[in-house]
Amino acid sequence: MASLTAAKRLVVKIGSALLVDRDTGALRSDWLAALAADVAEIKGRGTDVILVSSGSIALGRAVLRLPAGPLALEQSQAAAAVGQIRLARAYEEVLAPFGIVTGQVLMTLEDTTDRRRYLNSRNTMEQLVSFGVVPIVNENDTIATDEIRFGDNDRLAAQVAVTVGADQLVLLSDVDGFYTASPALDPAARRFDVIEDITPQIEAMAGDAASALSRGGMKTKLIAAKTATGAGCAMAITQGAVMNPLAALAAGANATWFLPKDDPQTARKRWIAAMKTRGEIIVDAGAAGALHRGKSLLPAGVTGVSGTFGRGDPVAIVDAGGAVLGKGLTRYTAAEVKAIKGCQSRDIQAILGYPGRAALIHRDDMVI
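Summarised in this report is the structure supplied together with it. (Residues numbered from 1 in each chain as written. Predicted model: local features only at pLDDT ≥ 70, side-chain atom pairs only at ≥ 80, totals over all residues. Heavy atoms only, no water.)

From N to C terminus, the protein chain includes 14 helices and 13 strands. In terms of overall size, the protein chain behaves like a compact globule, its C-alpha atoms giving a radius of gyration of 22 Å where 368 residues would be expected to give roughly 21 Å. Summarising its shape, the C-alpha atoms of the protein chain cover approximately 65 × 45 × 40 Å along the three principal directions. Relative to its 368 residues, the protein chain shows a buried fraction of 49%. About 16,300 Å² of surface is accessible on the protein chain, with carbon and sulfur atoms providing 52% of the total. When the 39 positive and 38 negative side-chain charges of the protein chain are each reduced to one mean point, those points stand 5 Å apart. (Helix = DSSP H or I, 4+ residues; strand = E, 2+ residues; numbered from the N terminus. Rg over C-alpha atoms; globule rule 2.2 N^0.38 Å. Buried < 20%, exposed > 50% of the residue type's maximum accessible area, 1.4 Å probe, protein only. Areas by Shrake-Rupley, 256 points an atom, 1.4 Å probe, with all protein chains shown as cover. Lys, Arg positive; Asp, Glu negative; His and termini not counted. Charge placed at Lys NZ, Arg CZ, Asp CG, Glu CD.)

In this section: the nonpolar core. Ile14, Leu51, Leu172 and Leu246 are the most contacted members of the largest nonpolar core, which has 35 residues in total. Ranked by residues supplied to this core, first place goes to helix α2 (residues 29-44) with seven residues. Here Leu172 is in contact with Val12, Lys13, Ile14, Gly15, Leu18, Trp31, Leu35, Thr238, Gly240, Pro245 and Leu246, once residues within four sequence places are set aside. With 34 residues, the next largest nonpolar core counts Val137, Val160, Leu169 and Val175 among its residues. (Core = buried A, V, L, I, M, F, W, Y, C linked by side-chain atoms within 4.5 Å. Contact = heavy atoms within 4.5 Å.)

Applying the stated criterion to the full structure yields twelve salt bridges. Asp154 is the partner of Lys221 in a salt bridge, and the nearest nitrogen-oxygen pair spans 3.1 Å. Of this pair, Lys221 sits in helix α9 (residues 218-230) while Asp154 is found in helix α7 (residues 153-164), placing the two residues 67 residues apart along the sequence. There is no split in this pair, since Lys221 and Asp154 are both buried. Between Arg278 and Asp313 there is a salt bridge, and its shortest N-O distance comes to 3.5 Å. Here the residue Arg278 occupies a position in the loop between α11 (264-273) and β9 (279-283), and Asp313 occupies one in the loop between β10 (302-307) and β11 (314-318), the gap between them amounting to 35 residues. Here Arg278 falls in the partly exposed class, since its relative accessible area comes to 43%. (Salt bridge = Lys/Arg side-chain N within 4 Å of Asp/Glu carboxyl O.)

For the coordinates displayed, the defined rule picks out three aromatic pairs. With 6.0 Å between their ring centres and 35° between their planes, Phe178 and Phe192 make a pair best called tilted. Note that Phe178 is positioned in the loop between β5 (168-173) and β6 (194-195) and Phe192 in the loop between β5 and β6, a separation of 14 residues in sequence. Grouping residues by exposure puts Phe178 and Phe192 together as buried. Aromatic rings pair up to connect Phe178, Phe192 and Phe258 into one cluster. Over the face of the ring belonging to Phe192 we find Arg190, whose NZ or CZ atom lies 4.9 Å from the ring centre. (Phe/Tyr/Trp six-rings, centres within 6.5 Å; stacked < 30°, edge-to-face > 60°. Lys NZ or Arg CZ within 6 Å of the ring centre and 35° of its normal.)

Our next topic: the layout of surface pockets. Taken as a whole, the second largest pocket encloses approximately 630 Å³ of empty space. Together, 28 residues line the second largest pocket, and Val162, Gly165, Ala231, Pro264 and Arg268 are the ones closest to its centre. Among the secondary structure elements, those contributing two or more residues to the lining of the second largest pocket are α5 (110-113), α6 (115-130), α7, α9 and α11. Looking at the lining of the second largest pocket, the element that brings in the most residues is α11, giving six residues. (1 Å grid on protein atoms, 1.4 Å probe; cavity = no way out; pocket = protein on both sides within 12 Å on 5 of 7 lines; lining within 4 Å. Points joined across faces, edges and corners; volume = space filled by probe spheres on them.)

A word on the environment of Ala7. Mapping Ala7 onto the fold places it in the segment before β1 (9-14). Looking at Ala7, the relative accessible area reads 7%, which means it is buried. A sequence separation of 227 residues divides Ala7 from Ala234, and the C-alpha atoms of the two residues are 9.5 Å apart. Ala7 has contacts with Thr47, Asp167 and Gln168, leaving out every residue within four places of it along the chain.

In short, the description is geometric, and any link to function would need to be established separately.
Below, the structure written as structure tokens:
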């Protein structure tokens, strides 16, 4: 079984019903402070932590005194704008006493389906965690419309886990795991400790959201589990309403763990290897040797380019003899590669007229 104490990079999803008192619309400050203590302890073990947090609309609607029940799109977006700044400030204030810096990241579905924006999101969050920052991620409700929405933060959290290459994802929920039926309706319902495969029988057991503040239910959690485990990330559903829920999970609290088949890096390499390439980047012998040693591809080692491709597109990496060495997601367009091939990374800005990334293809974005 997966263990929270073994996580190298952890994504935690926090729902509105946990953060916001449903009667008053006020932030549950004591609970959030306890969660911050958990995060500090986990980071103290050397684990990267990313939080995916709902709550902006719930906080904003209380400030704006909007009525209970469904809101019109423009009302939801206004509430999100008012609530988001309060949500970010709340996380900043509870984590600062532990010496932890926070950063706000707002995303939409488009940011993960478009490869260029996906890579930008990945690179930004990689940089944040390398600085020791805890990113606070939420759907960008102020601009997202139905066609670019995740619709719930379970699926957003799973996609964030995929984006950052997390090995564990925890969904803090209003139940302590996945059951054969809703435990509120069926006293005989049985909780699963571990689920290795999400079968049609498992899917048939899922219900819908129980809380008025929540958008998701077990169906969305199963979708999240499929996304996460397919990318090599274990996922847990556990009770979030208790104080110090992550410490409780680490100590053996009830939970359901969904197990992946591969580790995140293997799963990502397999995904890249299956892509259809849009062009070729030709490299010299020195670069070919560096790639086989696990290095990123720098412009200095590139001798030629063919095809038409954009940033984030998959390309083949080819040696001088035409042999395919591997595939990767390029950080530059074909035209940009032609302009910077053979140059040093420090000269990219002078050549292109704007700053660029040092690596043309990062080692995490290629398979050799």
